[in-house]
Every structure is written in structure tokens, then in C-alpha cells.
Amino acid sequence: KEQPDKARECFVKAIELSQENVDAIIGMYRLPETDEQKDQHKALQKQITISLRSEIDARERELKRDNPRALATEQRALANQMNTLAWLMTNTEGNLDEALYFSRKACSMENRAAYLDTLAHCYASLKRYREAADQQRRAVALDPFQPSLQKALALFEAKAAEQHAVPQ
């Protein structure tokens, strides 16, 4: 937070090493940016979103071919790509309903704490804090010693309580 130029430099290096590094892209998104930097960042995000969607479509087509040897591997990879796309969309300027769709789908394919965490964040982005807390509880149950999961759970529970206390 105190060194945004240094952070930007590190994120740029990380993206140069791997353009699919969505956490670096999300980190860049959270930094103060000039209009030119925002435009470059949005173009990169759009490119990666298109690439992930294309890979998801290809993997879904492969799964429909019912190749038994590739099925488990492809399904795991597909769930991971769906989760990655949902995480990117939720933490930037993506389509939140689409993020929720991909996240739910990933969770239906693989029961992993990281995927449930993404789903919880999708719900929180939509201000559906009770559902966010419910999913985060499931994530914590699968990985109870992960501090980031516990921190998010506390936040979502507090937001849900706040939301419930305010008359609609």
C-alpha cells in the first residue's frame, strides 16, 4: 500500500513471466492507475478472460466426447479454469453473474476449499452475505488452518449480521 510503484513493478514482472497470473492482474487492478495504465490493464484482463472462456469451451467439448482416460484430468482442469475466471471477474470489473455461474459450476465438479472461497467472494460481491458466509464456512471446514479463509468468514458473517440488522 505504501509503495504502489514498487508493487506495480513486481506485478508487471509477474505478468511477464505468466500472462495467466490472475492474482497479479487483480493486484494491478487494486493499485492507483493513470488512465493509460487502466486502459492497458483492462485490455490485458479482457484478453485473459477471452482466453479462459475459450479454454473452458474446448475442455467442455472434450468432456462431451466421453474419453474415459481424459475425463478426470479434463474435469479437474476445467473446474480450475472456471474457478480462475470467476476469481478474476469477482476481483476486477467482470460480470458478477457470470462469475457466480462459473464458480458454482467449478464447485459442483470439485469440492475444494479454494473453489468454495471463490464462490463465497462471488456472493459477497453481489452483496449476498449470508450465502457468502455459508460457502465460506464450508471452505473453512475443508481447510480449517488457512488464515485467509477464516478472515474472510469473519468479514462475511459481520456483513451478513449488518445486512440482517438493517430493515429492508
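A quick note: this is a predicted structure, and the numbers were derived from the prediction, not measured.

Peer 1: Sorry, what's going on with unusual backbone geometry here?
Peer 2: Among all residues except glycine, the phi angle is most often negative; among peptide bonds, the trans geometry is most common. Even without being glycine, Lys127 reaches a positive phi, approximately 65°. Among the residues examined, Lys127 registers a relative accessible area of 53% and is labelled exposed.

Peer 1: Would you mind going over the environment of Ala114 with me for this structure?
Peer 2: Examined against the element boundaries, Ala114 turns out to sit in helix H6 (residues 113-125). Taking the relative accessible area as the measure of exposure, Ala114 reaches 39% and is therefore partly exposed. Distance in space between the C-alpha atoms of Ala114 and Asp143 is 8.9 Å, their sequence separation being 29 residues.

Peer 1: What exactly am I supposed to notice about the pattern of salt bridges here?
Peer 2: Within this structure, the stated rule accounts for 10 salt bridges. Two residues, Lys42 and Glu93, come together in a salt bridge whose shortest N-O distance is 3.6 Å. In this pair, Lys42 sits in helix H3 (residues 35-64) while Glu93 sits in the loop between helix H4 (68-91) and helix H5 (96-109), placing the two residues 51 residues apart along the sequence. The exposure class assigned to Lys42 is partly exposed, which follows from its relative accessible area of 42%.

What counts and what doesn't
Residues numbered from 1 in each chain as written. Predicted model: local features only at pLDDT ≥ 70, side-chain atom pairs only at ≥ 80, totals over all residues. Heavy atoms only, no water. Buried < 20%, exposed > 50% of the residue type's maximum accessible area, 1.4 Å probe, protein only. Helix = DSSP H or I, 4+ residues; strand = E, 2+ residues; numbered from the N terminus. Salt bridge = Lys/Arg side-chain N within 4 Å of Asp/Glu carboxyl O.

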